[in-house]
Amino acid sequence: MSSKTTVWEVDVLFGDCDPAGIVFFPNFCKWMDAASLHFFVQCGVPPWRELVKTTGIIGTPLLEIHTHFYRPATYGERLHVHTRVQEWRDKVFIQHHQVRRGDELLCEGRETRAFCIRHPDDPGRIKAIPIPADIRALCGG
Ligand SMILES: CC(C)(COP(=O)(O)OP(=O)(O)OC[C@H]1O[C@@H](n2cnc3c(N)ncnc32)[C@H](O)[C@@H]1OP(=O)(O)O)[C@@H](O)C(=O)NCCC(=O)NCCSC(=O)c1ccc(O)cc1
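What you see is a predicted model, and the numbers here were worked out from it, not measured in a lab. (Residues numbered from 1 in each chain as written. Predicted model: local features only at pLDDT ≥ 70, side-chain atom pairs only at ≥ 80, totals over all residues. Heavy atoms only, no water.)

A.B. asks: Give a description of the overall build of the protein that names residues and reports values.
C.D. replies: When you go through the protein residue by residue, the secondary structure sums to three helices and eight strands. Going from N to C terminus, the protein has its helices and strands arranged as β-α-α-β-β-β-β-β-β-β-α. Compactness check: the protein gives a C-alpha radius of gyration of 16 Å against a globular reference of 14 Å for 141 residues, within 12% of the reference. Considering only C-alpha atoms, the protein reaches an extent of 50 × 35 × 25 Å along its principal axes. Taking all 141 residues of the protein together, the buried fraction comes to 40%. Summarising the internal contacts of the protein: among those between residues at least 6 apart in sequence, 64% fall at separations of at least 24. (Helix = DSSP H or I, 4+ residues; strand = E, 2+ residues; numbered from the N terminus. Rg over C-alpha atoms; globule rule 2.2 N^0.38 Å. Buried < 20%, exposed > 50% of the residue type's maximum accessible area, 1.4 Å probe, protein only. Contact = heavy atoms within 4.5 Å.)

Here is the structure:
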């Protein structure tokens with residue numbers, strides 16, 4: 001079964017841009033992270049603050065990111081982040097985001113993430129767990 005795709009809407013503000021009026025790149029990362037959580041919530045996964053109480057899962061930290069910027073965006077524009085899971089591995093998954101302005105592709109990101117819990121031996125560390133089968137099924141496996 002292929003992953004569901006969700007869409008996160010962004011209205012670009014003046015404060016999101018650099019002095020040239022172009023969206024400053026960390027904002028794309030911030031919007032993709034918001035789109036990542038939105039993906040799971042739309043799929044029916046409880047928000048992390050609830051999930052931590054029942055499963056110990058604190059969220060899906062990033063292990064690696066790869067982002068390609070094709071076209072700039074500016075304030076006053078409405079963008080859409082299209083998000084899906086491209087690949088499920090044992091402990092990590094690759095989440096794919098396309099930031100679009102209408103039909104135009106502006107930015108594409110691939111994130112390697114893992115479901116993590118607090119490390120049992122050291123609360124200062126976290127630990128990746130095997131992808132929970134129920135969460136994967138909710139996301140369209
Ligand atoms: C994520 C970790 C806990 C994983 O450590 P461990 O639990 O010891 O796992 P391992 O090192 O054994 O690796 C686990 C698996 O990942 C795989 N792995 C590790 N790195 C990679 C990369 N880069 N690519 C692919 N696969 C990888 C590895 O091969 C293991 O797979 P298996 O062979 O199937 O077991 C640790 O690497 C870590 O703490 N990294 C730092 C995480 C971090 O600080 N990220 C940035 C900030 S977090 C953040 O922004 C955030 C966003 C959203 C949220 O909800 C929460 C947090």
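Alright, that's what it looks like, and here's the rest.
A.B. asks: Summarise the pattern of salt bridges; cite the residues concerned and give the values.
C.D. replies: Scanning the entire structure with this criterion turns up nine salt bridges. A salt bridge links Arg113 to Asp33; the shortest N-O distance between them is 2.7 Å. One end of the pair, Arg113, is in strand β6 (residues 104-114); the other, Asp33, is in helix α1 (residues 25-42), with 80 residues separating them in the sequence. One salt bridge connects Glu104 with Arg101, and the closest N-O pair in it is separated by 2.8 Å. Take Glu104: its relative accessible area is 30%, and that puts it in the partly exposed class. Sharing partners across several salt bridges, the network here consists of Arg71, Glu77, Arg101 and Glu104. (Salt bridge = Lys/Arg side-chain N within 4 Å of Asp/Glu carboxyl O.)

A.B. asks: So what's going on with the sheet that holds β6? Residues and values would help.
C.D. replies: Spatial strand order, β1-β4-β5-β6-β3: five strands in an open sheet with antiparallel pairing. Each end of this open sheet is capped by a strand with a single partner; those strands are β1 (5-11) and β3 (62-69). Neighbour-to-neighbour, the strand axes of the sheet open up by a mean angle of 20°, direction not taken into account. Alignment of β3 against β6, held across seven bridges, turns out to be antiparallel. Bridge pairing links Phe69 to Cys107 in β6. The strands touched by α1 within the sheet are β1, β3, β4 (78-88), β5 (92-101) and β6, with β1 carrying the most contacts at an inclination of about 135°. (Pairing = 2+ DSSP bridges. Axes fitted to C-alpha atoms, helices over the stretch in contact; angles between N-to-C directions.)

A.B. asks: Can you lay out the site of the ligand for me, pointing to particular residues and giving the numbers?
C.D. replies: The environment of the ligand is made up of 17 residues, and the closest members are Thr60, Leu62, Glu64, Val92 and Ala128. Leu62 is positioned with one of its backbone polar atoms (N or O) 2.9 Å from a nitrogen atom of the ligand. Within the backbone of Ala128, an N or O atom sits 2.7 Å from an oxygen atom of the ligand. If you list the elements that add at least two residues to the shell around the ligand, you get β3, β6 and β8 (122-128). Residues of the shell around the ligand, tallied by class, amount to seven nonpolar, three polar and seven charged. (Near = heavy atom within 4 Å. Polar contact = N/O pair within 3.5 Å; in protein donor to acceptor, adjacent residues only side chain to side chain. Nonpolar A, V, L, I, M, F, W, Y, C, P; charged D, E, K, R; others polar.)

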